[in-house]
Amino acid sequence: LCPTTVAAELLSACKSAVPCGVLGQDGDVGRKHFLRLLEIAGSRFPTLVAEHGTALRPSAPTLLMEAVCSGSPELVEALVVRGARLYPQLAKPVAEDALVLHFSAWTMADKSQEIRRVLHAGLAWELLLVTKARDVAAAKNLRSEEAAGLIASQDDLSMLDEHGRGALDYAVLHGLLELELWFIERGARLCG
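Residues numbered from 1 in each chain as written. Predicted model: local features only at pLDDT ≥ 70, side-chain atom pairs only at ≥ 80, totals over all residues. Heavy atoms only, no water.

With respect to the helices and strands, the residue Leu 75 is situated in helix α5 (residues 73–80). Expressed as a C-alpha distance, the spacing of Leu 75 and Ala 17, which sit 58 residues apart in the sequence, is 8.8 Å. Excluding its chain neighbours within four sequence positions, the residues that come into contact with Leu 75 are Ala 17, Arg 31, Phe 34, Leu 35, Ala 67 and Ser 70. (Helix = DSSP H or I, 4+ residues; strand = E, 2+ residues; numbered from the N terminus. Contact = heavy atoms within 4.5 Å.)

As structure tokens, then:
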């Protein structure tokens, strides 16, 4: 099996999952199937969700977006703890020459505070990861989510990696002034 095939199967299983409780607390076959498949896939491909959880096509929702659409905080959490990325945005043109709407897992979860709480729990790692990788576009996408309520706090910026460095440390090391200022605005402190 290749990771792309497994990611496609996970996406299909996620789409078939229904919100917990729709068929009864223990009767949600689609949800259980997805979680079991995710467990098996994770043992064979430990970084699958982080690396291949993005959309298989640029105009298609990510695995995390599909989990949000399922309405199941359990599915969303299972992906977030395995490194599902918050920042990808799905662009949908409204008309040929009109504006483009951008959707993310965060904006898709606008009606579920429980799912938003789970997504926010992944923000600290995401901020550290994108800054460490110098992924300014991803950081800008995350920052744009503040208008929708995904606001980075000092706690979100205090996570350290294996080298004892945080997001602000990497912003300074890489000369990412815009990120430095944003992180300082949000209470970040230099750590390493």
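Next, the rest of the story.
Attention now goes to the packing of helix α8 (residues 123–132) against helix α9 (residues 136–144). Orientation of α8 relative to α9, taken along the N-to-C sense of each, is 150°, at an axis distance of 9 Å. Considering the angle they form, α8 stands roughly antiparallel to α9. Residues Leu 123, Glu 126, Leu 127 and Val 130 of α8 form the contact with α9, whose participating residues are Ala 138, Ala 139 and Leu 142. Partitioning the contact of α8 with α9 into residue classes produces six nonpolar, no polar and one charged. (Axes fitted to C-alpha atoms, helices over the stretch in contact; angles between N-to-C directions. Parallel < 35°, antiparallel > 145°, perpendicular 65-115°, else oblique. Nonpolar A, V, L, I, M, F, W, Y, C, P; charged D, E, K, R; others polar.)

The space that makes up the largest pocket amounts to roughly 210 Å³. Mapped onto the lining of the largest pocket, the elements with two or more residues apiece are α5, α7 (113–121) and α8. Classifying every residue of the lining of the largest pocket gives six nonpolar, two polar and four charged. (1 Å grid on protein atoms, 1.4 Å probe; cavity = no way out; pocket = protein on both sides within 12 Å on 5 of 7 lines; lining within 4 Å. Points joined across faces, edges and corners; volume = space filled by probe spheres on them.)

A side chain with one charge may pair with a side chain of the opposite charge, provided their charged atoms come close. A complete count under the given rule lists nine salt bridges for this structure. The salt bridge involving Glu 39 is made with Arg 36; its shortest N-O contact spans 3.1 Å. With Glu 39 and Arg 36 both in helix α2 (residues 29–44) and three residues apart, this pair spans about one turn of that helix. For Glu 39, a relative accessible area of 46% gives the class partly exposed. The exposure class of Arg 36 is partly exposed, given its relative accessible area of 46%. Linking Arg 85 and Glu 126 is a salt bridge whose minimum nitrogen-to-oxygen distance equals 3.2 Å. With Arg 85 in the loop between α5 and β1 (90–93) and Glu 126 in helix α8, this residue pair connects regions lying 41 residues apart in the sequence. (Salt bridge = Lys/Arg side-chain N within 4 Å of Asp/Glu carboxyl O. Buried < 20%, exposed > 50% of the residue type's maximum accessible area, 1.4 Å probe, protein only.)

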